[in-house]
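# Report on the structure
The residues making up each chain are set out below.
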Amino acid sequence: EFGYRLVVLDGDASIHFNGDILSYDERSFHNYFKTYEGQVSGTFEYTDLDNRTFQNTIPDYRSVSFPNEVDTFSRSQKYTFVWEGEPLEANEVLRISYPTEMGGATTNIPKSQIEDNTISFYPGRLSKMPLGEAEFSIIRERTILDIESTAAGATVRAIYEAAPKKVFIVE
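Just so it is clear, the structure is predicted and the values come from calculations on it, not from any experiment.

Moving on to the environment of A154. Assignment of secondary structure puts A154 in the loop between β14 (132-144) and β15 (156-161). The class for A154 is partly exposed, based on a relative accessible area of 47%. Placed 10 residues apart in sequence, A154 and P164 show a C-alpha to C-alpha distance of 30 Å. With sequence-adjacent residues up to four places away left out, A154 is seen in contact with I147 and S149.

This part takes up the pairing of strand β16 (residues 165-170). Here β16 shows a buried face lined by K165, V167 and I169 and an unburied face lined by K166, F168 and V170. When strand β8 (residues 71-74) meets β16, the two strands line up parallel, connected through four bridges. Across the sheet, T72 pairs through a bridge with F168, a residue of β16. As paired elements, β14 and β16 share five bridges and run antiparallel to each other. The residue of β16 that forms the bridge with E135 is K166.

Right, let's talk about the environment of E69 for a bit. Topologically, E69 is positioned in the loop between β7 (64-65) and β8. Spatially, the C-alpha atoms of E69 and K165 are 8.5 Å apart, while their sequence positions differ by 96 residues.

A separate point is the packing of aromatic side chains. On inspection of all chains with the given rule, the structure shows 13 aromatic pairs. Their ring planes at 50° and their centres at 4.8 Å tell us that F17 and F44 sit as a pair that is tilted. Of this pair, F17 sits in strand β1 (residues 14-17) while F44 sits in strand β5 (residues 42-47), and the two are 27 residues apart along the sequence. Across the pair, F44 and F17 agree in class, each one buried. Ring centres 5.0 Å apart and planes at 45° place the aromatic pair F66 and F81 in the tilted group. Here the residue F66 occupies a position in the loop between β7 and β8, and F81 occupies one in strand β9 (residues 79-82), the gap between them amounting to 15 residues. Residue classification places F81 among the buried residues on the basis of a relative accessible area of 2%. Through a chain of ring-to-ring contacts, three or more aromatic side chains come together here, namely F66, F73, Y79, F81, Y98, F121 and F136.

Pairing is antiparallel in the open sheet, where four strands are placed in the order β2-β1-β5-β6. Of all the strands in the sheet, the pair left with one neighbour each is β2 (20-21) and β6 (53-58). The pairing of β5 with β6 spans six bridges and is antiparallel. Residue pairing across strands places F44 opposite N56, the latter belonging to β6.

On to the environment of F54, then. One can find F54 in strand β6. Placed 96 residues apart in sequence, F54 and T150 show a C-alpha to C-alpha distance of 7.9 Å. Apart from the residues lying within four places of it in its own chain, the contact partners of F54 are F44, E45, Y46, D48, E148, S149 and T150.

Here is what the cut-offs are and how they apply
- Residues numbered from 1 in each chain as written.
- Predicted model: local features only at pLDDT ≥ 70, side-chain atom pairs only at ≥ 80, totals over all residues.
- Heavy atoms only, no water.
- Helix = DSSP H or I, 4+ residues; strand = E, 2+ residues; numbered from the N terminus.
- Buried < 20%, exposed > 50% of the residue type's maximum accessible area, 1.4 Å probe, protein only.
- Contact = heavy atoms within 4.5 Å.
- Pairing = 2+ DSSP bridges.
- Phe/Tyr/Trp six-rings, centres within 6.5 Å; stacked < 30°, edge-to-face > 60°.

This is the structure we're talking about:
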């Protein structure tokens, strides 16, 4: 059986990014994180209880975005967004967040839609979205594969979230 557990650092252990200490949020699946405006690259630095330091660099990040125009679409017809950005690498995923009548939802974009830079919504999903103005967000997440870590392992992810796209949902 495969599994993992999230670890809360204690004592003198710490995680920094470009010199900023990262905060732990027990409500978040991201564990230790910090949000920055714009595109950021730099170095993560983890110092363990034995004062050993592990460094991992995040390369320049490639963005993703929606076209600028505002769209109106019907809940009863297929609608396709075209996303803008460099093609994704094997260690990247693309997600879209959108409103539903029950709150918000986030969905991974299938490979077939990533290859042609489209994100399609079908009537079944659209019918669950509230009428009126709504915001959609597109998120590009990159897992850094070659990292320094302790024997326990680690994961380093860089996430780029584009400016939200406003749309109007009609019947």
